[in-house]
Amino acid sequence: LANGKSSAVGIASSYDMSLVRQVMKNCLECSGSEELKEKVVKAQEKLYPYTKADNGLSEWADGFMSTEKGHRHFSPLYCVYPGNVVVEGDKEFLWAYELFKYRMAHSHSSIGWSAAWGLCLASKFKDKELANKIIASFTSRSILENLFGYHPPTYFQIDANLGFVAGVNEMFITEDKNTITLLPCAINLVKDGAMRGVVVNGAKIDFSWKNGEVISIVADK
């Protein structure tokens, strides 16, 4: 059920459409075949468009949304991260951010891999408050004494550890539409620091900051 109504069999989901769109986007960027690109462009026109539900980006086509308000999955937001078919400046980006805030507001806690994904999304949305909230929840509930990430009751999750590192990296440097942003969502606990040899969009970057402000940048392609 969605919105109190039975959803149609085979109805498109934002997640499915995002996966297809990402494959097509990647194809258009890397293929050398103009014939193939023409077919991809025509196929794109047949995809279900993203729609808006009452709580932001619709999880299902035609404005349908899931009934669980604070579900730990962020599948409808794949288009923002780890995909990049919806980026800042798109109206769908605002819908996605609305859905993200809605789910975070109704979730009990951020745990394991879900916290890692949430941290990556918070950084893409440049929401420092939610990023800090997720970090606090993750470090207090989702790691064992040896710092292994886990999901209740005691399942080790390597994706929690690796995803969390990816989320922290996104807090300090992120890229969309060939634009690299430094300190998009830097946490308050790291007011002064530096990163060396970060590779983003083909460029290797060294940069440092003080009191939350970037003071030096060296980029090498």
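Fair warning: this is a prediction, and the values are worked out from it, not measured in the lab.

What counts and what doesn't
Residues numbered from 1 in each chain as written. Predicted model: local features only at pLDDT ≥ 70, side-chain atom pairs only at ≥ 80, totals over all residues. Heavy atoms only, no water. Helix = DSSP H or I, 4+ residues; strand = E, 2+ residues; numbered from the N terminus. Rg over C-alpha atoms; globule rule 2.2 N^0.38 Å. Buried < 20%, exposed > 50% of the residue type's maximum accessible area, 1.4 Å probe, protein only. Contact = heavy atoms within 4.5 Å. Areas by Shrake-Rupley, 256 points an atom, 1.4 Å probe, with all protein chains shown as cover. Lys, Arg positive; Asp, Glu negative; His and termini not counted. Charge placed at Lys NZ, Arg CZ, Asp CG, Glu CD. Expected span 1.5 Å × (residues − 1). 1 Å grid on protein atoms, 1.4 Å probe; cavity = no way out; pocket = protein on both sides within 12 Å on 5 of 7 lines; lining within 4 Å. Points joined across faces, edges and corners; volume = space filled by probe spheres on them. Nonpolar A, V, L, I, M, F, W, Y, C, P; charged D, E, K, R; others polar. Patch = residues over 30% accessible without salt bridge, like charges linked within 9 Å, V, L, I, M, F, W, Y side chains within 5 Å. Salt bridge = Lys/Arg side-chain N within 4 Å of Asp/Glu carboxyl O. Polar contact = N/O pair within 3.5 Å; in protein donor to acceptor, adjacent residues only side chain to side chain. Axes fitted to C-alpha atoms, helices over the stretch in contact; angles between N-to-C directions. Parallel < 35°, antiparallel > 145°, perpendicular 65-115°, else oblique. Left-handed = near helix turned anticlockwise from the far one by under 90°. Pairing = 2+ DSSP bridges.

1. Some remarks on the overall build of the protein
Summing up its helical and strand segments, the protein has six helices and nine strands in all. Against the 2.2 N^0.38 benchmark of 17 Å for 221 residues, the protein shows a C-alpha radius of gyration of 19 Å, consistent with a compact globule. The buried share among the 221 residues of the protein stands at 46%. Partitioning the intrachain contacts of the protein with sequence separation of at least 6 by distance along the chain shows that 57% fall at a separation of at least 24. Of the accessible surface of the protein, which amounts to about 12300 Å², a share of 54% is contributed by carbon and sulfur atoms. Taken together, the 24 basic and 25 acidic charged side chains of the protein have centroids lying 2 Å from each other.

2. Description of helix 1 (residues 14-30)
A rise of 1.5 Å per residue sets the reference length of helix 1, with its 17 residues, at 24 Å; its end C-alpha atoms lie 24 Å apart and thus fit the reference within 8%. Of all the residues in helix 1, the buried ones are Ser 14, Met 17, Ser 18, Arg 21, Gln 22, Met 24 and Cys 27. Buried residues belonging to helix 1 abut helix 2 (34-44) and strand 2 (56-57).

3. Things to note about empty space enclosed by the protein
This structure, assessed with the given rule, holds two cavities of 30 Å³ or more. For the largest cavity, the calculated volume is near 50 Å³. If you go around the largest cavity, the residues you meet are Ala 12, Ser 13, Ser 14, Met 17, Tyr 48, Pro 49, Tyr 50, Thr 51, Ser 58, Trp 60 and Ala 61. Of the residues belonging to the lining of the largest cavity, the class tally is seven nonpolar, four polar and no charged. Computed from the structure, the second largest cavity encloses a volume of approximately 50 Å³. Asn 55, Glu 59, Met 65, Ser 66, Glu 68, Lys 69, Pro 76, Leu 99, Tyr 102 and Arg 103 are the residues that line the second largest cavity.

4. Comments concerning a nonpolar patch on the surface
Taken together, the side chains of Leu 144, Phe 148, Phe 156, Ile 158 and Leu 162 define a hydrophobic patch exposed on the protein surface, amounting to about 470 Å² of accessible area. One can find Phe 156 in strand 4 (residues 155-156). By relative accessible area, Phe 156 is classed as partly exposed at 43%.

5. A word on the side chain of Ser 58
Within the secondary structure layout, Ser 58 lies in the loop between strand 2 and helix 3 (91-106). The class for Ser 58 is buried, based on a relative accessible area of 0%. A polar contact of 2.2 Å, which involves the side chain of Ser 58, links it to the backbone oxygen of Trp 60. In this structure Ser 58 touches Ser 14, Thr 51, Lys 52, Ala 53, Gly 63 and Phe 64, once residues within four positions along its chain are discounted.

6. Examining the packing of helix 4 (residues 112-124) against helix 6 (residues 158-172)
It is the contact of helix 4 with helix 6, at a shortest axis distance of 8 Å, that shows an interaxial angle of 10°. Comparing the axis directions of helix 4 and helix 6 gives the class roughly parallel. Our pair here, helix 4 against helix 6, has a crossing hand that is left-handed. Together, Gly 112, Trp 113, Ala 116, Leu 119, Cys 120, Ser 123 and Lys 124 of helix 4 and Asp 159, Ala 160, Gly 163, Phe 164, Ala 166, Gly 167, Val 168, Glu 170 and Met 171 of helix 6 make up the contact between the two elements. In terms of residue class, the contact of helix 4 with helix 6 is built from nine nonpolar, four polar and three charged.

7. A short note on the sheet that holds strand 8 (residues 203-210)
Ordered in space as 7-8-9, the three strands form an open sheet in which the pairing is antiparallel. Looking along the sheet, the strands with just one partner apiece sit at the ends: strand 7 (193-200) and strand 9 (213-220). For this sheet the average axis-to-axis angle between neighbouring strands, irrespective of direction, equals 15°. Pairing of strand 7 with strand 8 involves six bridges; the strand directions are antiparallel. Bridge pairing in strand 8 links Val 200 to Ala 203.

8. Here we look at the pairing of strand 9
One face of the sheet, then the other: side chains in a regular strand alternate in exactly this way. Taken across its eight residues, strand 9 has zero buried, putting it largely on the surface. Sheet topology places strand 8 next to strand 9; seven bridges connect them, and they run antiparallel. From the neighbouring strand, Ile 205 faces strand 9, where its bridge partner is Ala 219. Where strand 8 hands over to strand 9, the hairpin turn is made up of two residues, of which Asn 211 adopts a positive phi near 55°.

Geometric descriptors of this kind do not, in isolation, establish any biological role.
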